[in-house]
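Given next are the chains, with one letter for each unit.
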Amino acid sequence: MFDGFTAEALARAQFAFTISFHIIFPAFSIGLARFLTVLNALWLRTQDRTYLTLFEYWKKIFAVVFGMGVVSGIVMSYQFGTNWSVFSDKTGPILGPLLAYEVLSAFFLEAGFLGIMLFGREKVGPRLHMFATAMVAIGTLMSATWILAANSWMQTPAGYSINDVGQFTPEDWWAIIFNPSFPYRLVHMVLAAFLSTSFAVAAVAGWHLLKDGNNGATLRMFSMAMWMAAIVAPIQIVAGDAHGLNTLEHQPAKVMAMEGHYDSHPDGAPLILFGIPNPQEKRIDYAIQIPKLSSLILKHDLNAPLAGLDTVPDAEEPPVTVVFWSFRIMIAIGFAMLGIGIWSLWRRWKGTLYQDRWLHRASVLMGPSGFVALLAGWVTTEVGRQPFTVYGALRTVDSIGPVDAPAVGASLLAFIWVYFFVFGAGLFYVFRLMRQAPDRPAPSPDTQPVNTVQA
Amino acid sequence: MLFDLPFIWAGIIAFAVLTYVILDGFDLGVGILFPFAKSEQDKDLMMNSIAPVWDGNETWLILGGGGLLAVFPLAYAIILPALYLPIITMLLALIFRGVAFEYRGRTKRWKPVWEVGFAAGSAIAAMMQGITLGALVQGITVVDRAYAGGWWDWLSPFTVLTGLSVVAGYALLGSTWLILKTEGALQQMMRDKATMLGIITLAAIGTVSVLTPFQDPIYFQRWFSLPGSLYTMVVPLAMAALTWLLFSSLKAGHDARPFIASLLIFVVSFVGVGISFYPNIVPPSVSIWEAAAPDSSLRFTLYGTLALVPLILGYTGYAYWVFRGNVNPDEGYH
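Under an unreviewed UniProt entry, the name given to chain B is Cytochrome d ubiquinol oxidase subunit II, and the organism recorded is Profundibacter amoris. UniProt, in the comment section headed Sequence similarities (unreviewed entry), describes chain B in these words: "Belongs to the cytochrome ubiquinol oxidase subunit 2 family." Per UniProt, chain B carries the Subcellular location (unreviewed entry) text "Cell membrane".

You'll find chain A entered in an unreviewed UniProt entry as Cytochrome ubiquinol oxidase subunit I, with Profundibacter amoris given as the organism. The UniProt entry for chain A carries this comment under Sequence similarities (unreviewed entry): "Belongs to the cytochrome ubiquinol oxidase subunit 1 family."

**A word on the interface of chain A and chain B**
Each side of the interface is counted separately: chain A has 72 residues, and chain B has 63 residues. Taken together, both faces of the contact between chain A and chain B bury some 6,100 Å²; the carbon and sulfur share is 77%. The largest contributions to the chain A side of the interface with chain B come from Tyr78, Leu104 and Phe108 of chain A, which together make up 13% of the buried area. Across the chain A-chain B interface, the total number found is one salt bridge. Measuring nitrogen to oxygen at the nearest pair gives 3.0 Å for the salt bridge that ties Arg145 of chain B to Asp89 of chain A. Across the chain A-chain B interface, the total number found is 17 residue pairs in polar contact (both at pLDDT 80 or more). The set of elements that each furnish at least two residues to the side of chain A that touches chain B consists of helix H2 (49-83), helix H3 (85-119), helix H4 (121-155), strand E2 (168-170), helix H5 (173-177) and helix H13 (405-435) of chain A. Counted by class, the side of chain A that touches chain B contains 47 nonpolar, 19 polar and six charged residues.

**Considering the pattern of salt bridges**
Residue and element names in this part refer to chain B. Taken as a whole and assessed by the stated rule, the structure comprises 17 salt bridges over all chains. Its salt-bridge partner being Asp255, residue Arg191 comes within 3.0 Å of it at the nearest N-O pair. Of the two residues, Arg191 sits in helix H8 (residues 184-215) while Asp255 sits in the loop between helix H10 (228-252) and helix H11 (257-277), which places them 64 residues apart along the sequence. For Arg191, a relative accessible area of 9% translates into the label buried. A residue is classified by how much of its surface remains accessible, and Asp255, at 37% relative accessible area, is partly exposed. Where salt bridges share partners, they join Glu40, Lys43, Asp44, Arg104, Lys111 and Glu115 into one cluster.

**Some details on the packing of aromatic side chains**
Tallied over the entire structure, the rule returns 48 aromatic pairs over all chains. On the numbers, 5.4 Å between centres and 90° between planes, the contact of Phe21 of chain A with Phe420 of chain A is edge-to-face. Pair noted here: Phe21 of chain A is in helix H1 (residues 7-46) and Phe420 of chain A is in helix H13, with a separation of 399 residues, a long-range link. Taking the relative accessible area as the measure of exposure, Phe420 of chain A reaches 52% and is therefore exposed. When the ring of Phe113 of chain A is compared with that of Phe131 of chain A, the centres are 5.7 Å apart and the planes differ by 85°; the resulting orientation is edge-to-face. Remark: Phe131 of chain A occurs in helix H4 and Phe113 of chain A occurs in helix H3; sequence separation between them is 18 residues. Overall, Phe113 of chain A belongs to the buried group, its relative accessible area being 7%. Residue classification places Phe131 of chain A among the partly exposed residues on the basis of a relative accessible area of 41%. The structure contains a cluster of three or more aromatic residues connected by ring pairs, namely Trp417, Phe421, Phe428 and Tyr429 of chain A together with Phe96, Tyr103, Trp110 and Trp114 of chain B. Over the ring of Phe36 of chain B we find Lys193 of chain B; its NZ or CZ atom is 4.5 Å from the centre of that ring.

**As for a nonpolar patch on the surface**
Together, Leu273, Phe274, Ile276, Tyr286, Ile288, Ile290 and Trp325 of chain A line one region of the surface with nonpolar side chains, adding up to about 720 Å² of accessible area. Secondary structure elements with two or more residues in the nonpolar patch: strand E3 (271-278) and strand E4 (283-290) of chain A.

**Considerations on the packing of helix H7 (residues 157-181) of chain B against H11 of chain B**
Residue and element names in this part refer to chain B. The contact between H7 and H11 brings their axes to 8 Å, and the two run at 155°. Judged on the interaxial angle alone, H11 and H7 are roughly antiparallel. In terms of crossing hand, the pair formed by H7 and H11 is left-handed. Across from Gly169, Tyr170, Leu172, Leu173, Thr176, Trp177 and Leu180 in H7, the residues of H11 making contact are Pro258, Phe259, Ser262, Leu263 and Phe266.

**Examining the UniProt feature "transmembrane region" (unreviewed entry) in chain B**
Residue and element names in this part refer to chain B. The positions UniProt marks with the feature "transmembrane region" (unreviewed entry) are residues 6-37, 82-101, 113-134, 154-173, 194-214, 226-247, 259-281 and 301-323. When the span residues 6-37 is considered, its composition is 88% helix and 0% strand, and the gap between its end C-alpha atoms is 46 Å. Regarding residues 113-134, the helix share stands at 100% and the strand share at 0%, and the terminal C-alpha atoms are separated by 31 Å.

**Structural notes on unusual backbone geometry**
A cis amide bond, omega 5°, links Gln386 of chain A with the succeeding residue Pro387 of chain A. Counting through the fold element by element, Pro387 of chain A comes out in the loop between helix H12 (369-383) and strand E5 (388-390). One non-glycine residue, His300 of chain A, lies in the positive phi region at around 55°. With respect to the secondary-structure elements, His300 of chain A resides in the loop between helix H9 (293-299) and helix H10 (320-350). Since its relative accessible area comes to 58%, His300 of chain A is described here as exposed. The backbone of Asp144 of chain B sits at a positive phi, close to 55°, despite the residue not being glycine. Note that Asp144 of chain B resides in the loop between strand E1 (142-143) and strand E2 (146-147). For Asp144 of chain B, a relative accessible area of 70% corresponds to the exposed category.

Conventions used here
- Residues numbered from 1 in each chain as written.
- Chains lettered and ligands numbered in written order.
- Predicted model: local features only at pLDDT ≥ 70, side-chain atom pairs only at ≥ 80, totals over all residues.
- Heavy atoms only, no water.
- UniProt positions renumbered as here; feature names shortened; annotations may be inferred.
- Contact = heavy atoms within 4.5 Å.
- Buried area = accessible area lost by both parts, 1.4 Å probe.
- Salt bridge = Lys/Arg side-chain N within 4 Å of Asp/Glu carboxyl O.
- Polar contact = N/O pair within 3.5 Å; in protein donor to acceptor, adjacent residues only side chain to side chain.
- Helix = DSSP H or I, 4+ residues; strand = E, 2+ residues; numbered from the N terminus.
- Nonpolar A, V, L, I, M, F, W, Y, C, P; charged D, E, K, R; others polar.
- Buried < 20%, exposed > 50% of the residue type's maximum accessible area, 1.4 Å probe, protein only.
- Phe/Tyr/Trp six-rings, centres within 6.5 Å; stacked < 30°, edge-to-face > 60°.
- Lys NZ or Arg CZ within 6 Å of the ring centre and 35° of its normal.
- Patch = residues over 30% accessible without salt bridge, like charges linked within 9 Å, V, L, I, M, F, W, Y side chains within 5 Å.
- Areas by Shrake-Rupley, 256 points an atom, 1.4 Å probe, with all protein chains shown as cover.
- Axes fitted to C-alpha atoms, helices over the stretch in contact; angles between N-to-C directions.
- Parallel < 35°, antiparallel > 145°, perpendicular 65-115°, else oblique.
- Left-handed = near helix turned anticlockwise from the far one by under 90°.

In structure tokens:
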């Protein structure tokens with residue numbers, strides 16, 4: 001069934017498939033682990049049982065999501081070698097240590113304390129349980145830090161030389177880890193994880209609010225999620241813009257593809273809102289554009305010249321259509337999130353946050369949006385890096401190992417089958433947990449009517 | 001140089017792999033024994049005995065992959081394409097068994113599906129790990145820094161034997177772990193199973209040991225010339241002592257000693273494999289020095305490893321301590 005596809009195309013499809021599935025779970029785990037830490041801390045501090053109820057509710061969902069993240073992650077640590085062994089041999093000296101640090105400083109931390117977080121509250125007491133919960137959250141963040149250092153190095157490689165067997169050899173670890181795009185990418189990704197989780201939480205809360213507007217636990221989580229949306233969405237837009245400017249500096253061809261700029265614009269480039277990329281003719285058909293706005297955004301000057309893909313050799317041009325669309329999907333969702341955030345602030349101000357049924361419906365609709373945006377952003381940055389695995393230094397076609405198309409095709413099919421089956425079931429269980437309303441929190445002891453014993 | 005970094009790293013990687021083998025070994029073993037559970041309560045007990053720790057155990061496998069990529073990238077780049085099918089099968093099997101911990105309690109209708117996934121996934125993963133070991137012993141064809149053999153080179157009677165040996169060995173670890181963690185009828189059943197599995201495992205280890213020197217004459221030399229031959233004396237003696245410890249403690253009804261004996265049987269076997277391999281990392285032609293990453297990579301990773309591994313062992317040990325003692329059937333949060 002994969003006749004006519006090269007081993008390279010199939011290996012790329014396989015990597016894209018396995019990582020796209022995987023990335024959802026850690027992103028959700030990063031957000032949920034932080035949410036759980038906050039909930040547990042608030043419970044210990046205020047003794048308000050609402051927080052404990054929410055902690056127990058989301059803990060179960062976290063456990064399923066985390067489990068899926070672990071098993072799909074084990075696959076990733078071997079995906080470099082099975083199909084991309086030349087890449088592994090050449091970049092191992094740099095990427096390997098970063099991944100090893102991820103395992104040592106993050107995975108063990110998460111795994112070591114996860115059991116205590118899930119099963120150990122009674123066994124270790126509230127303090128150590130809080131500590132374990134925080135360690136799991138810190139572990140997920142550490143993991144993001146190392147993996148994004150590795151990914152960013154592939155985008156904007158620095159601090160290396162090439163040795164006599166063609167391997168990238170580390171010269172300056174500081175330069176490798178803090179490569180030019182790392183801080184931007186890390187912030188953008190972690191915020192994306194927070195936002196995705198907030199909107200997933202908001203959707204669950206919105207769903208239950210539509211059915212029952214009196215459950216204190218539901219109200220509390222809706223309010224918390226809306227605060228996150230209102231605060232993080234604008235920050236994310238600013239961070240994304242900064243990341244874009246950084247990309248313009250280090251990977252201009254990627255930005256040209258994102259913007260759909262086939263042609264150079266010597267006196268101010270338009271912002272193409274929509275259109276249909278036409279790679280054959282190298283133009284955007286039916287473009288709706290605002291003159292000079294792209295120059296204003298990217299260069300802060302209406303008339304600044306912007307180079308287009310006509311300045312990039314064809315052999316180094318990323319696939320425009322994919323990047324053009326994925327970028328627009330991400331941006332559109334980002335602004336929709338901002339809209340929800342502002343809407344919630346307005347309703348909160350009016351005191352009708354829990355009564356606005358349209359806001360609750362919109363939240364349900366936006367539930368998966370964060371993950372879609374995250375994948376779209378991931379596609380933008382990864383496809384935009386093509387045709388290189390290490391930008392400017394190692395081509396994708398030269399990264400593939402000695403594998404044959406039928407073997408890669410067969411394993412791709414196996415991954416597709418197993419992932420849809422296993423993670424489809426997992427998603428079903430997550431949805432089933434979400435469909436259950438959180439318990440109504442028991443009233444706090446001091447508000448309970450006291451049975452006075454008559455003497 | 002004062003320290004030979006590739007040598008140190010070979011030691012650390014060997015340590016990580018050994019730690020993985022004995023830790024995930026016992027929890028994969030519990031999975032392999034899962035079909036023998038007689039009641040729902042037995043199943044719950046078996047699952048709960050490893051639920052809090054399996055994830056940490058499997059992290060050592062990720063360290064094996066990540067660590068190999070970091071310090072011996074060439075070995076990583078050769079072994080994975082050479083063992084393409086077994087490795088991918090192992091990964092898929094681990095997916096099925098890993099999600100079973102969470103999924104099993106979430107559904108009534110599909111419970112049997114995830115239970116089969118748990119048991120079969122555990123057995124297949126163990127089998128593939130054994131095949132990988134056998135294929136490495138057998139030797140891998142390398143030309144010009146890349147795997148140069150065929151897709152099915154890994155499959156031979158010898159590798160099937162090593163695969164089955166690892167399944168039996170993991171089941172032995174699993175049964176002795178359950179002797180430690182349970183009581184009553186389940187514990188008694190595991191005692192009987194452990195006795196049988198002990199015989200099978202030791203017979204398998206013996207057969208593999210006898211056949212190994214015939215895989216490549218170099219192994220023969222290593223074992224029967226100095227300094228290898230010193231160990232050649234020690235390894236069988238240690239094995240004999242452990243055999244005695246295993247069976248006598250099973251017979252005497254000890255709870256912990258059979259588990260310790262099986263762990264040590266794995267350690268001694270692992271040392272034996274190490275003697276055969278050294279100084280190669282991909283037998284028969286790639287040595288640890290050829291496969292090693294540049295010194296700057298080795299040194300950078302070493303700092304973190306020396307600082308973090310003791311810490312990891314500390315809190316992993318603590319997690320085991322928290323969940324010590326017999327498993328409570330009502331425990332678990334589902």
